[in-house]
Amino acid sequence: MTDSQHISHTQLPSENAVSCSNCAACCCQLEVMLITDTGVPPRFIATDDWGGEVMQRLDDGWCAALDRDSMRCSIYELRPLICREFEMGSVECQDERRGMTSIYR
Ligand code: SF4
Ligand code: SF4
């Protein structure tokens, strides 16, 4: 998921160069379950319909912990395990980027 590079809100995903630095944090709109305790601050945690803990998402669809100005994770050192394991350039990553591109078209 989002790395420590600056990510511009206006930069759209590119098929050619898959990088978090040219992505509008596409994967940070996915549901993120908290399956281990990595120290996520309680204000960013919600409970799903089945009682499980998930990252809270705001009305714009993105994770509550995403800094909207920089499009960077504001809790990078404390981010959930799922975010740590979501691999840049993976099939899932590229699927999310394609999905986001279609929204902008
Ligand atoms: S979708 Fe891929 S490129 Fe975009 S922020 Fe997530 S891991 Fe990085
Ligand atoms: S915790 Fe950070 S990396 Fe994970 S979805 Fe939220 S903003 Fe993205």
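Residues numbered from 1 in each chain as written. Chains lettered and ligands numbered in written order. Predicted model: local features only at pLDDT ≥ 70, side-chain atom pairs only at ≥ 80, totals over all residues. Heavy atoms only, no water.

The protein is annotated in an unreviewed UniProt entry as Fe-S-oxidoreductase from Pseudomonas taeanensis MS-3.

A. The pattern of salt bridges, seen in detail. For the structure on display, the rule yields 3 salt bridges. Its salt-bridge partner being R68, residue D60 comes within 2.9 Å of it at the nearest N-O pair. (Salt bridge = Lys/Arg side-chain N within 4 Å of Asp/Glu carboxyl O.)

B. How the structure looks around the environment of C27. If you trace the backbone, C27 turns up in the segment before β1 (45–47). Relative accessible area serves as the criterion here: at 9%, C27 is assigned to the buried category. Once the C-alpha coordinates of C27 and C83 are considered, the two residues, 56 residues apart in sequence, prove to be 8.7 Å apart. (Helix = DSSP H or I, 4+ residues; strand = E, 2+ residues; numbered from the N terminus. Buried < 20%, exposed > 50% of the residue type's maximum accessible area, 1.4 Å probe, protein only.)

C. Molecular detail of the site of ligand 2. With respect to spatial proximity, 10 residues lie near ligand 2, and among them C28, C63, C73, P80 and C83 are the closest. A breakdown of the residues in the shell around ligand 2 according to their chemical character gives 10 nonpolar, no polar and no charged. (Near = heavy atom within 4 Å. Nonpolar A, V, L, I, M, F, W, Y, C, P; charged D, E, K, R; others polar.)

D. Inspection of the site of ligand 1 at higher detail. Neighbouring ligand 1 are 11 residues, the closest being C20, C23, C27, C93 and R97. Residues that form the shell around ligand 1 fall into these classes: 9 nonpolar, 1 polar and 1 charged.

E. Structural context of the packing of aromatic side chains. Taken as a whole and assessed by the stated rule, the structure comprises 0 aromatic pairs. Positioned above the aromatic ring of Y76, the side-chain terminus of R79 is 3.9 Å from the ring centre. (Phe/Tyr/Trp six-rings, centres within 6.5 Å; stacked < 30°, edge-to-face > 60°. Lys NZ or Arg CZ within 6 Å of the ring centre and 35° of its normal.)

F. Up close: the environment of G52. Structurally, G52 is set in the loop between β1 and β2 (53–55). Overall, G52 belongs to the buried group, its relative accessible area being 18%. Each C-alpha atom, one on G52 and one on L34, is 7.8 Å from the other, the two residues being 18 residues apart in sequence. Sequence-distant contacts of G52, that is, excluding residues within four places in its chain, are made with A46 and T47. (Contact = heavy atoms within 4.5 Å.)

G. Broad picture of the environment of I82. When you line up the elements, I82 lands in helix α1 (residues 81–85). The class of I82 is partly exposed, set by a relative accessible area of 29%. Note: C-alpha distance between I82 and I35 (47 residues apart in sequence) is 8.0 Å. Apart from the residues within four sequence positions on either side, I82 is in contact with V32, M33 and I35.

H. Summary view of the nonpolar core. Among the nonpolar cores identified, the biggest contains 11 residues, and these are C23, A25, C26, C27, C28, W62, L66, M71, F86, C93 and M100. Each residue touching W62, except ones within four places of it in the same chain, is listed here: A24, A25, C28, Q29, Q56, R57, R68, M71 and M100. One finds V32, M55, C63 and I75 within the second-largest nonpolar core, a separate group that totals 10 residues. (Core = buried A, V, L, I, M, F, W, Y, C linked by side-chain atoms within 4.5 Å.)

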